[in-house]
Every structure is written in C-alpha cells, then in structure tokens.
Amino acid sequence: MARSQTTKKEPAGRRAPVRLPADEPARDPGEPARDRGESEAGPSGEPDRDRLRGAPSDPFEITVEGGLADDRTLVAMWGDTFGMFDRLGDILPPPRARHGLFHEGTRFLSRFQLALWRTRPALLSSSVREEDGMLVVHLTNPDIRNEGAWSMIHHSVHLLRRLWIEDGRCRMELAFRSYGRERLSLPLDVLVDADFADIFEVRGAIRERRGQALPPQVDAESLSLRYRGLDDVERETRIHYAHPPISAGPSLLRFRIELEPDADRTLSFTVECRTHEPARAKPAPTRKPNPPDLWRGRIGASQAGFDAFIRRSHSDVAMMTVATPHGPFPYAGVPWFATPFGRDSILTAYEMLWLAPGLARGVLGFLAAHQALADVPDRDAEPGKILHEMRAGEMPRLGEVPFDLYYGSVDATPLFLMLAAAYFERTGDIDLMRELWPAFERALGWIEGPGDPDGDGFLEYDRRCDDGLENQGWRDSRDAVMHADGSLARGPLALVEVQAYAYAARTGLAAIARALGRTDVAERLTGDAERLRQKFEQAFWIPALGTYALALDGDKRPCEVRSSCAGHALFTGIAAPERAAVLAQTLLSADHFSGWGIRTIARSAVRYNPMSYHNGSVWPHDNALIGLGLARYGDSAGTERILTALFEAARAIEVSRLPELMCGFSRQPGEAPTLYPVACSPQAWAAGSVFLLLQGLLGLSVHAEARQVRLSRPRLPHFLQALTIRQLRVGEGEIDLLLEKAEDEVVVRVLRRTAVVDLVLSS
C-alpha cells in the first residue's frame, strides 16, 4: 500500500495545480486560508492585496457554496467508504448539496433520491444508530392530489428506510407498509447519478480538464455508471436491485409497489464502488476487523445528556477507525479528511490512550511504516519525518494536489515520539519500543537535523513543495501566523506549540531509551530537553501579553499575538510554573474564552475573526490539550470550565456530536453555538476530546508495568454526581471503578477487578 519513498514518481503529463473561481462573491471559508470576514484594509490602512476578491487564494480552500451550512447531514462510514445523506436518507445532487457516497477519495454516487407519486416522502424521524452506524429513517406519504381531488391521504403508508456502509459498498433497504383499507399501487421513482468527482473538486477546486464519462449499462438487475479518469483508471458505480424496475435508464429507475391493506413489501439496493486498475497499489489501508477488545473500556455517567455525549464520542472515534496490517488507525474526519493524517491520528490516539491503548499501538506502527526515508522536496519529505497526509483519488494520483503521500507537517514528528512515550508508560510494551527504536532514532535525527536547519535548538519549517502547505503546524491556513500588526510572518517559522512538543518528545524518548538500556542517549536527551526549556522561556515569553509568542519568524522576531497554541506549553509541561499560572488566566479571560471554549487567537488580535478557520474559532481538540495542561499545573477548575463548555455545546448540536470547530462568537444566553459551515462532523480528535478532559479532571493515569491506576485529586464536573469506568485494561487485568461525589470530595470505589491491579489515590 505504500509507495516508494526514495524517489518521486512523476505522473505522466503532470497537471497544473488546481485553482478556485476568482469571480465568486466573498464567502465563508474552508481549509486552509478560510478567513474572509475581515476588512480588506491591512493594519497600515492600505488594501491587503492578498485578501481582495479575485486575488490568488490558497488552492486548498473549501468553499461554502452549495451546502454543509447546517448540522442536518447524516453520516455513515466504514473503512475507506463513507456516505453523506440528508435527513430523508437521500443523496441530493450538486450544487444543492455535497452529499454522496465516497470511496477512496472519489464520489461514486452524487444522487440517490426517492419520490412517491413524483413527490418527496414526508419525514417522520431519522437517526444514526450508535452501535453499528446504520441510518434509520422513518418516512410517510404526503397528501397526493390527482386532477383536483385527493387520491391519497397522508400517513397512509409507512416507509422504513435503512442504510449501512460496508467497505466499497452501500446497502439500502426500503420497507413499505400500508395502513389503508384498500389495495394501493405506489409509483416509486429513484433518481440516480454519479459524477465521480474527486474530493478536492467537491471541496470547491476547479479542474481545467476531467476524464470521460463512459456509456452506462442497464438491465433488469443492475445499473452501471462508469468514468475513465485522466489517470487512466476506470471507476464504476454499480447499483443492484433485487426486484426489476418497470423502466430503467441511466438517471431514473421506476418501480411500482403493490400493497394490500396491512401488508408489507421490501425493496433492497446495493451500490458497489468499483475501481478497475491492474495490479493497483492503493495508498489507503485495507479495512479489516479491529481487535475485539479495542473498544473494551467504557465510561458511564449519571447525567443522561453527558452519558449520551460520551457514547456518541466513543462511537464516532470507532466509526472512523480502520484496521491496517499495523493495527487500528483513526482517520481524521468526514468528509474532507477521511484518510490517514499523521497529526490527527496521533492526537486522537493520545486522547483515547488511557481507555483504548491499542489505538496508539496501531498508529505508531502505521506511521513508522510510512516514515520518510529520503529527501523529496516536492513532497516536503526529509529522512525521519512523519507523514502528514495520504490520499487516494484521481487528483492526487495525477499530482494536481501533492497529497498522495505528503510530509508537510512540522509537528507530526515530535508528536509521534510523544505518543510513543505515553504509550510505553501506559502499557509497558517494551517489545514494541524495541521494534520501533530505529524509527524513533530517525525521527530524532530529523528534529535535530533538517528540522532545525540553523542549529539554534528550535524546530522550524519553511515550505519546499511549491504547491504544498505554506503553514505546517496544526493551524495550517495561509494567514494563521502573524505579527501583532496583522502582517503575515515570514519563515522559517518556529511555532510555540512545536517547541513544546519537541521538549516532550526528548523527555519521553529519554524514558524509552533508559528502559532499553541506552543510558547515554537518555542522559543526552534529558540535558537537551532542559536546555530547550530554558531557551524557550527566554525567547517566547511576552510579559506584556501574559502569554508565550505565537511563533518566532525567520528573523527570530516573536509574533506577539495571544493564541491558544501557547496553552500547549501547559500540555507538555515545558512552561515554568509561575508563568503557567499567568498563562491560564490569559486563556480563560473573556478575550480568549468565548463561553464555548478557548478561541485560537484572542479577540484583541488584529486578525481576529470568529468566522475564520484558524483565527478566532474554537477547536475542541485544542481545548482538550489545554484542559489537560491546566490540570497538570493544578488548575482543575479551569479544566472543568472547558469540559462544561464543550459538553453544553455538544448538547445544543444535533446527535450530541462535537464538530471539528465552531465559530468564536461570544456565547449569548439561550443561544446555541454558531456552527462553522464546512467543518468536518464527525472529526476524530474532536470526538476524542471529552476523554482527554476527563483524564485531566480525574488526574488519571494508568501504569501497566506497575499494575496501577492512579487518581490525583479527582474531580467531577458540577453537573455530574457519579461516573463509572468499566473494563479498564491494566496489563493482563481489568478494573471497574465508581466515582461519586460526597460533599466536597470524590469517593472512589473498586467494583470489580480480574487480576492484581492497585488503585492509588493522592490529594
């Protein structure tokens, strides 16, 4: 599944980079460079030329035109296949919506819409089952008028629609039941289409050329829609129907359903996504069953809303996790990032580590197997770097976007080492540490070498791939790194959170090295970490702002902007205790805290825009990392405040699901959070945020080698009376815990254990 990492395989006839329409009205943004809500004047009062309508924009911007402007999309996913449906279970055609059945980065079905008497059915209810991801939709007939008279009274027919995704296919079942007193003859139309759009086209990219639609094939059993791409790959959507239609064409299947009173009739469809390519080596993992005990650990809450929030978050992470030859691996998010992402998968695994450590094992194995081994500038690859993104699909294969195997991430490599150290502490899995040690050494070599080109001790980046990402931290929008006056910082850039990760990577790797008997390496890394900590404090702390600088630019000038990224210094422990207290006050002030969470940059920043992707929005995963950091420095009240805000946001959103991000508008009484129109939902690291925040609030850590579960000053949020943790794996054993409030403290009881597991409480 991996492509060669030693040479760049240039596709025949490499295509020009994609472009976006220059004549569109100003629009809400997507990813990256989404911020379009500010004035067109720059800080000096002169027009900010790079922001004017019609000026060149980031080619990877996700446009808002046509859809995803609300939270009413139903999502189902399995492996490399996902579906996005409206609340009736339909796939509405573009440009009205961005629904579809997607497989390996291509939309194989762009329309699948039902009509009874040529009218859309009436919705009764719809939901996604948590246990298996099945979409369940209850529909009925509307009133039907024929030649001026009512020929069908509403609610005479019940239609139960079930849809579920498998790898490479979608199954649909339509169960009709008549509650009328006469025999009914129901005309059912199914409108279908397949545009075979690459996911980047669906996001808004404009291609100068596309492949060729091949003649459709239709018979009594199936309809086949086909497309040959510019990459010479034939993609086919085959729709199978168990009952033959009365007429069939390439865009319309017409059925007639005969229903006796109180009788049932069922129609079923299977949509297959086929790719015809000899000896194809796809970059995406193959779906296999995940280990049966991967999601064994469970949390239950006494408050029903919070319990539903936990269940939804748990099922979302599980839904987005695929099984690879290296173990389970969470994809980033639906729809734009349903593919391997290094940073996202690492942080998702970190969030879930105490509850599901097998996820981290799979992530470490997968990313080690895809670690860069050579210097490849047009992939932003250097030896030792950890993967940023891996894509299938026509456009990545052609080089129209550089993301088929792309390494433009400055933080994935230190985060990889951080996760390894945390996993080792959690599990004591010395065998895996020994197996992956060469990968750890390569990652450290990149951090100390190409990642620090001027040798000043700070990890920094500058784009080498002309059509790659300009900014390569987690805030990767084009305009995400700026100075106090709003001018964009020029590279090479040393981001505040990346230095924090580099510090934790060294301290964590030192612990692994010590366990492997490499004491000389451990001592060197410990010393290097301390020197980095001291230098970080000197270069990044801005006393007047009460925070660390957003970044250092190419001239080593600090970007004096209040950002949530500074809070990651709390997460890793690099912050001095006295400065951590000041930073906590800054992050939880009204300037930063919206009421729904901490904004990426404060309201006082010149480039603040609550509707931007990265310059004033609220990201759950970002808040979770900060929340764990606050607890680390003893501010569990701050952690509770963040957890409460995110829970109340999720409760106000349909299906209790936290999206990738929310707008940063200040919370108003009686109002829900303002949703970001093209946010992924679900998003893995957003779903995992509640588990990391609970870990921080409970002061919880698991040490399998010592057979201990440790709770330090455990705290329950004010809205919760009790919390249960069941089937928590500790080495070969399991333990069940009950935490209950008793006046001003939390009482912890062991409900069950299957082996020697010690519970250690500290205050």
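The sections below set out a description of the structure shown in this document. (Residues numbered from 1 in each chain as written. Predicted model: local features only at pLDDT ≥ 70, side-chain atom pairs only at ≥ 80, totals over all residues. Heavy atoms only, no water.)

It is worth spelling out the pairing of strand β5 (residues 111-116) at this point. Burial of β5 is extensive: 5 of the 6 residues sit out of reach of the surface. Two strands pair when backbone bridges link them, and β5 and strand β12 (residues 184-193) are joined in this way by 6 bridges, in the antiparallel orientation. Its bridge partner being in β12, R111 is matched across the sheet by D193. (Buried < 20%, exposed > 50% of the residue type's maximum accessible area, 1.4 Å probe, protein only. Helix = DSSP H or I, 4+ residues; strand = E, 2+ residues; numbered from the N terminus. Pairing = 2+ DSSP bridges.)

Glancing now at the packing of helix α8 (residues 496-515) against helix α9 (residues 519-540). Contact geometry of α8 with α9 gives a least axis separation of 8 Å together with a crossing angle of 160 degrees. The angle between α8 and α9 falls in the class roughly antiparallel. Our pair here, α8 against α9, has a crossing hand that is left-handed. Packed against α8, whose contacting residues are V496, Q499, A502, Y503, R506, T507, L509, A510, A513 and R514, the element α9 presents T519, V521, A522, L525, T526, D528, A529, L532, R533, F536 and F540 at the interface. In terms of residue class, the contact of α8 with α9 is built from 13 nonpolar, 4 polar and 4 charged. (Axes fitted to C-alpha atoms, helices over the stretch in contact; angles between N-to-C directions. Parallel < 35°, antiparallel > 145°, perpendicular 65-115°, else oblique. Left-handed = near helix turned anticlockwise from the far one by under 90°. Contact = heavy atoms within 4.5 Å. Nonpolar A, V, L, I, M, F, W, Y, C, P; charged D, E, K, R; others polar.)

Right, let's get into the nonpolar core. One broad rule of soluble globular proteins: the nonpolar side chains tend to lie buried together. Membership of the largest hydrophobic core comes to 193 residues, with the highest contact counts inside it found for F306, F416, F440 and Y548. A per-element tally of this core places α8 first, with 12 residues. (Core = buried A, V, L, I, M, F, W, Y, C linked by side-chain atoms within 4.5 Å.)

Now for the sheet that holds β12. Within a sheet, adjacent strands bond to each other through the backbone by hydrogen bonds, running parallel or antiparallel. On the basis of which strands lie adjacent, the open sheet formed by 4 strands has the order β5-β12-β17-β16 and antiparallel pairing. Each edge of the open sheet is held by one strand with a lone partner, namely β5 and β16 (247-248). Both β12 and strand β17 (residues 252-259) contribute to a ladder of 8 bridges, which runs antiparallel. Within β17, the position partnered with L184 by the bridge is L259.

The next subject is unusual backbone geometry. Here the residue pair P94 and P95 is connected by a cis peptide bond, since its omega of 0 degrees sits within 30 degrees of zero. Structurally, P95 can be placed in the loop between β2 (81-85) and β3 (100-103). In this structure, P492 follows G491 across a cis peptide bond, with omega equal to 0 degrees. In this structure, W117 takes a positive phi of about 50 degrees despite not being glycine. Mapped onto the fold, W117 is located in the loop between β5 and β6 (122-128). The class of W117 is partly exposed, set by a relative accessible area of 23%. Although it is not a glycine, R118 adopts a positive phi angle of roughly 60 degrees.

When their charged atoms lie close together, side chains carrying opposite charge are able to pair. Scanning the model with the defined rule gives 49 salt bridges in all. Residues D86 and R120 are paired through a salt bridge, measuring 2.6 Å at the closest nitrogen-oxygen approach. Taken together, the residues D86 in the loop between β2 and β3 and R120 in the loop between β5 and β6 connect sequence positions 34 residues apart. Overall, the relative accessible area of 29% leaves R120 in the partly exposed class. One salt bridge in this structure joins D431 and R434, with 3.4 Å as the shortest N-O distance. Highlighted residues: D431 and R434, both in helix α7 (residues 430-448), separated by 3 residues, approximately one helical turn. Each of E166, R169, R171, E236, R238, E272 and R274 takes part in one network of salt bridges that share partners. (Salt bridge = Lys/Arg side-chain N within 4 Å of Asp/Glu carboxyl O.)

Right, let's talk about the environment of G638 for a bit. Structurally, the position occupied by G638 is in helix α13 (residues 636-651). The class of G638 is buried, set by a relative accessible area of 3%. The spatial distance from the C-alpha of G638 to the C-alpha of I626 is 9.3 Å, given a sequence separation of 12 residues. Contacts of G638, omitting those with residues within four sequence positions, involve L588 and L630.

This part takes up the sheet that holds strand β31 (residues 733-742). The strand order across the open sheet built from 4 strands is β19-β30-β31-β32, with neighbouring strands paired in antiparallel fashion. Looking at strand neighbours, the two that pair on one side only are β19 (298-301) and β32 (745-753), the edges of this open sheet. Here the strands of the sheet are splayed against their neighbours by 20 degrees on average, with no regard to which way each runs.

Look at any regular strand and the pattern is simple: side chains alternate between the two faces of the sheet. Sheet topology note: the strand β28 (residues 700-703)/strand β29 (residues 708-712) ladder contains 4 bridges and is antiparallel. Looking at β29, one finds that S701 is bridged to R710. Between β28 and β29, which pair antiparallel and follow one another directly, the connecting turn spans 4 residues, one of which, R707, has a positive phi of 55 degrees.

Take the packing of aromatic side chains next. Inspection of every chain in the model, using the stated rule, returns 26 aromatic pairs. With a centroid separation of 5.6 Å and 80 degrees between ring planes, the pair formed by F112 and F269 is classed as edge-to-face. Of the two residues, F112 sits in strand β5 while F269 sits in strand β18 (residues 264-276), which places them 157 residues apart along the sequence. The burial state of F112 is the same as that of F269; both residues are buried. Relative to W619, the ring of W474 has its centre 5.2 Å away and its plane inclined at 70 degrees; by these criteria the two rings are edge-to-face. (Phe/Tyr/Trp six-rings, centres within 6.5 Å; stacked < 30°, edge-to-face > 60°.)

The next point concerns the side chain of D591. Position of D591 among the secondary structure elements: in the loop between α11 (577-587) and α12 (620-632). Not counting residues up to four positions away in its chain, the partners in contact with D591 are R562, R599, A602, R603 and S604.

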